[in-house]
Amino acid sequence: MEAKQNKQKSQAPSSQRRTLLQAGALVAGSAALGLPSLVSAQSGPIKIGHLTPMTGFLGALGEYAAQGIKMAAEEINAGGGVLGRPLEVMSEDSVNPQTAATKAQRMIERDNVTVLMGEINSGSALTISQVAARNKKLFMSIGARSDALRGKDCNRYTFHVDIPVTVMVNAAGEALVREGHVKGKKIFSLTADYLFGHDLSRQAKRFFTANGGTVIGDELVATDVTDFSPYLLKIRQARPDLVATNLAGNQVTNFVKQYSEFGLPYPVAGFNLNTADAWAAGEGNLGGIWPTVWHHELKTPGSQAFVANFTRKYGRIPENHAWIEYVSLKMMAQAMNATKSTDTEKLIAYFESEAKFDVLKARPAYFRSWDHQLMQEAYPFTVKPKGQAKNKQDFLLFGEAVPAANQPLDSLAPPKAESACKM
């Protein structure tokens, strides 16, 4: 027995040496074939595939989005990166739904991105989410708001950051009801003719009907329309009590400017207006009640620091898409650090655990486990009395956060019983 054990011991070094030589040959072979080695895979950058519209009717918002996520990446990398590795954000113009899908697939196959992030156009977000699901890659849909993305078109690989259509309608709608603009009133709507606009119109009609209003007209408007005079004539003929817009991007800016020039007396409100588009409309052209997901006047220390740093870096005040991209990358970094992994399944499990995230608001946010929607505060806003604005970006008047501090964060969101989401 002892002789047999001595023989095994004498063979062990030779066996170990063969194993090491085989491993070395495998690594060398991988390098020769152009395949990434294990070492470089663990120490190289974590690649983030970022898609957002940088041209077209949402292009101005996409510029803020790209700046926000870039600033977050620089801050994270300055602090040591994630898991000791730098983040490399690869931002591209998503252009349209078909192009967005093609670029998302290329980022996965050619660029080997760890996750996909971004988007504002709901149609493009849908095609990216489908690519993500087919490839089993995580997609954080940051700025798209269509209810359908969280409903019938949901999938377990996609998480949604921006407030959905239902929250936008409820946030502004409750303020409209309080001001007496809904019950017993005739409402004329204009709707952006794509996925987001259709969702917004459907939910707005539902809200108005439930609160005693009557929608007497709803005109579909192509996303490339810049001349609203035909629609203004229809509004004048309809003589509504309220004009409600379900428009998007620079559509809203163009409409409110032309509406003001046309001199119609009917109040205007809407369920979608990003602060950059409101600023572009200008004081004197904008009125009514609108919803937003964030604004630069929030008095939390985190928001104030973000605004100061962004303004110092880019020479302009951040718009809500700059903020939302910034906090989204910070949330992704938190998930990777908490799980000590970039593995898709581990990241999904972390987000579904309803972990809390600091989104620079008064209350922390969390993703609902069953539809992957971020639960967070929103805000209604209107316009200051003329003459009170200190500068061209100071004429908006923001209301208190909704839901109120004593209400659950999901109180304005679609409940599970009404959702078509099936993961």
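Coordinates for the structure precede this section.
Attention now goes to the pattern of salt bridges. Once their charged atoms are close, side chains differing in charge can pair, the charge on each being opposite to the other. According to the stated counting rule, one finds 14 salt bridges in the structure shown. One connected set of salt bridges, linked through shared partners, spans Glu92, Lys103 and Arg106.

Time to look at helix 9 (residues 229-238). Inspection of helix 9 places Tyr231, Leu232 and Ile235 among the buried residues, and these make up the whole buried set. The buried side chains of helix 9 occupy one side of the element, clustering within an arc of 100° when seen end-on. Buried residues belonging to helix 9 abut strand 6 (186-192), strand 7 (214-221), strand 8 (242-246) and helix 10 (250-262). Two residues or fewer past helix 9, Arg239 is found with a positive phi of approximately 50°.

Okay, the pairing of strand 1 (residues 46-52) next. With 6 of its 7 residues buried, strand 1 lies for the most part within the structure. In the sheet, strand 1 pairs with strand 2 (residues 87-93) via 7 bridges, with the strands oriented parallel. Residue Ile46 lies in a different strand from strand 2, and its bridge partner there is Leu87. Between strand 1 and its parallel partner strand 2, the chain crosses via helix 3 (residues 59-78), and the hand of that crossover is right-handed. Note that strand 1 and strand 3 (residues 115-118) share 4 bridges and pair parallel. Note that in strand 3 the partner of His50 across the bridge is Met117.

The next point concerns the sheet that holds strand 7. Pairing is parallel across the open sheet formed by 4 strands, whose spatial order is 7-6-8-9. Looking along the sheet, the strands with just one partner apiece sit at the ends: strand 7 and strand 9 (268-270). In this sheet, neighbouring strand axes are inclined to one another by 25° on average, regardless of whether the strands run parallel or antiparallel. Sheet topology note: the strand 6/strand 8 ladder contains 5 bridges and is parallel. Note on strand 8: the bridge partner recorded for Phe188 is Val243.

Criteria and cut-off values
- Residues numbered from 1 in each chain as written.
- Predicted model: local features only at pLDDT ≥ 70, side-chain atom pairs only at ≥ 80, totals over all residues.
- Heavy atoms only, no water.
- Salt bridge = Lys/Arg side-chain N within 4 Å of Asp/Glu carboxyl O.
- Buried < 20%, exposed > 50% of the residue type's maximum accessible area, 1.4 Å probe, protein only.
- Helix = DSSP H or I, 4+ residues; strand = E, 2+ residues; numbered from the N terminus.
- Arc of directions from axis to C-beta.
- Contact = heavy atoms within 4.5 Å.
- Pairing = 2+ DSSP bridges.
- Right-handed = clockwise from strand over helix to strand, strands pointing away.
- Axes fitted to C-alpha atoms, helices over the stretch in contact; angles between N-to-C directions.

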